[in-house]
Amino acid sequence: MPMNDSVIITCALTGAGDTVGRSPHVPVTPEQIARSAVEAAEAGAAVVHIHVRDPETGAPARDPRLYREVVERVKETGTDVVINLTAGMGGDLVIDPENPLTHLPGTDLVSGLDRLPHVEDLLPDICTLDCGSLNFGDGSNLYVSTPDMLRTGAKRIQELGVRPELEIFDTGQLWFAKQLLAEGLLDDPTVFQLCMGIPWGAPADPGVLASMVTMLPEGAQWASFALGRMQMPWVAQSILLGGNVRVGLEDNLYLSRGVKATNGQLVERAVQITELLGAKVATPDEARRRLGLKPRA
């Protein structure tokens, strides 16, 4: 596993977590998210990973109109950046532990196809595909993405000509992603995001990351990230194992202890780490070539 000498940096701008009240820098409105995308690109991110939120409440949303406004605002600036839209929304299930067939507030569970209308509408460079179900944190919160849902979603994404970024939260999900490839539901090059430290998936342990890297299919492009204070150490871990990196306010709110970060500052720090390791930061065009994307229009 040779070190990566040309690193694609992705910035995950806002996510769907309960972070809006915890930092003034978390973008909420389409205008704020687009502005943050441009800031991240100018700082060195080749890819921006986009969720949207309800502009009034800050709650996670999946309204295609909000995605369209964000993407149009970014494109209107002329900023050269690869657009990666989440397609993971619509998998949340909160059950009543005393009556598990009853779902509780916070549930937003739809079919695999119903997670894709904004992808069908906008045809982004990349959309995510969360490759399995997970006990999502403590309590009774589940993320649901069954094999049937994944096969249906992967086939539709393939038909649309969009590159799926395979979100891997544990080793079994990586196993299943390779099954999708074997069934012809994924095209080369496959693109993996190894998501570490999310309770209760794969822990942010360097040995676990190294093991997952050895499981990747030949020729795969991959990145990884870890949450919170492990975000920047994981930039180095990923590069040293041959991978790309992801930073951003979706996964971490701080630049250092007690210092709230912006997305641009987190990207700048990732650029510093990359260059201190002797690697260079990939441009958006380099990212497009390596990820098998269409040239910039």
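What you see is a predicted model; the values in this text were computed from it and never measured.

**Focus on the pairing of strand β15 (residues 221-226)**
Alright, step 1. Most of β15 sits inside the fold, with 6 of its 6 residues counted as buried.
Alright, step 2. Burial along β15 is two-sided: the face carrying Gln-221, Ala-223 and Phe-225 and the face carrying Trp-222, Ser-224 and Ala-226 are both buried.
Alright, step 3. Summarising the sheet, strand β14 (residues 191-196) and β15 pair through 6 bridges and their orientation is parallel. Looking at β15, one finds that Leu-194 is bridged to Ser-224.
Alright, step 4. Regarding the hand of the β-α-β motif, the stretch spanning β14, helix α6 (residues 206-215) and β15 is right-handed.
Alright, step 5. Where β15 meets strand β16 (residues 244-247), 2 bridges bridge the pair, whose relative direction is parallel. Following the sheet pairing, Ser-224 is matched in β16 by Val-245.
Alright, step 6. Crossover β15 to β16 through helix α7 (residues 231-240) is right-handed.

**Overview of the nonpolar core**
Alright, step 1. Membership of the largest hydrophobic core comes to 42 residues, with the highest contact counts inside it found for Ile-9, Ile-50 and Val-267.
Alright, step 2. Elements represented by at least two residues in this core include exactly β2 (9-12), α1 (30-43), β3 (47-50), α2 (64-76), β6 (82-85), α7, β16 and α8 (263-276).
Alright, step 3. A per-element tally of this core places α1 first, with 6 residues.
Alright, step 4. Within the second largest apolar cluster, 32 residues are counted, among which are Leu-160, Leu-166, Leu-194 and Trp-222.

**Quick look at the side chain of Gln-173**
Alright, step 1. By secondary structure assignment, the location of Gln-173 is in helix α5 (residues 171-182).
Alright, step 2. Gln-173 gets classed as buried once you look at its relative accessible area, which sits at 6%.
Alright, step 3. Side-chain polar atoms of Gln-173 contact the backbone oxygen of Ser-133, separated by 3.4 Å.
Alright, step 4. Among all residues touching Gln-173, those that are not within four sequence positions of it are Cys-131, Gly-132, Ser-133, Leu-134, Glu-167 and Ile-168.

**Focus on the side chain of His-118**
Alright, step 1. Its location among the elements puts His-118 in helix α3 (residues 117-122).
Alright, step 2. Within the local environment of His-118, its side chain forms a polar contact with the backbone oxygen of Thr-86, the two atoms lying 2.6 Å apart.
Alright, step 3. Those residues within four positions of His-118 in sequence are excluded, and the remaining contacts are Pro-64, Tyr-67, Leu-85, Thr-86, Ala-87 and Leu-123.

**Let's talk about unusual backbone geometry**
Alright, step 1. Geometrically, the link from Asp-188 to Pro-189 is a cis peptide bond, its omega value of -5 degrees lying close to zero.
Alright, step 2. Relative to the elements of secondary structure, Pro-189 occurs in the loop between α5 and β14.
Alright, step 3. Note that the residue after Pro-199, namely Trp-200, is joined by a cis bond; omega there is 0 degrees.
Alright, step 4. Note that Trp-200 resides in the loop between β14 and α6.
Alright, step 5. If you check the backbone angles, Leu-123 has positive phi at about 45 degrees while not being a glycine.
Alright, step 6. Relative to the elements of secondary structure, Leu-123 occurs in the loop between α3 and β10 (126-130).

**Examining the pairing of β3**
Alright, step 1. The alternating pattern of β3 places Val-47 and His-49 on one face and Val-48 and Ile-50 on the opposite face, and all of these are buried.
Alright, step 2. When β2 meets β3, the two strands line up parallel, connected through 3 bridges. Directly across from Ala-12, in β3, lies its bridge partner His-49.
Alright, step 3. On the question of chirality, the crossover connecting β2 to the parallel β3 by way of α1 is right-handed.
Alright, step 4. Bridge count between β3 and β6: 4 bridges; the pairing is parallel. Its bridge partner being in β6, Val-48 is matched across the sheet by Ile-83.

Reading guide: rules and limits
- Residues numbered from 1 in each chain as written.
- Predicted model: local features only at pLDDT ≥ 70, side-chain atom pairs only at ≥ 80, totals over all residues.
- Heavy atoms only, no water.
- Buried < 20%, exposed > 50% of the residue type's maximum accessible area, 1.4 Å probe, protein only.
- Helix = DSSP H or I, 4+ residues; strand = E, 2+ residues; numbered from the N terminus.
- Pairing = 2+ DSSP bridges.
- Right-handed = clockwise from strand over helix to strand, strands pointing away.
- Core = buried A, V, L, I, M, F, W, Y, C linked by side-chain atoms within 4.5 Å.
- Polar contact = N/O pair within 3.5 Å; in protein donor to acceptor, adjacent residues only side chain to side chain.
- Contact = heavy atoms within 4.5 Å.

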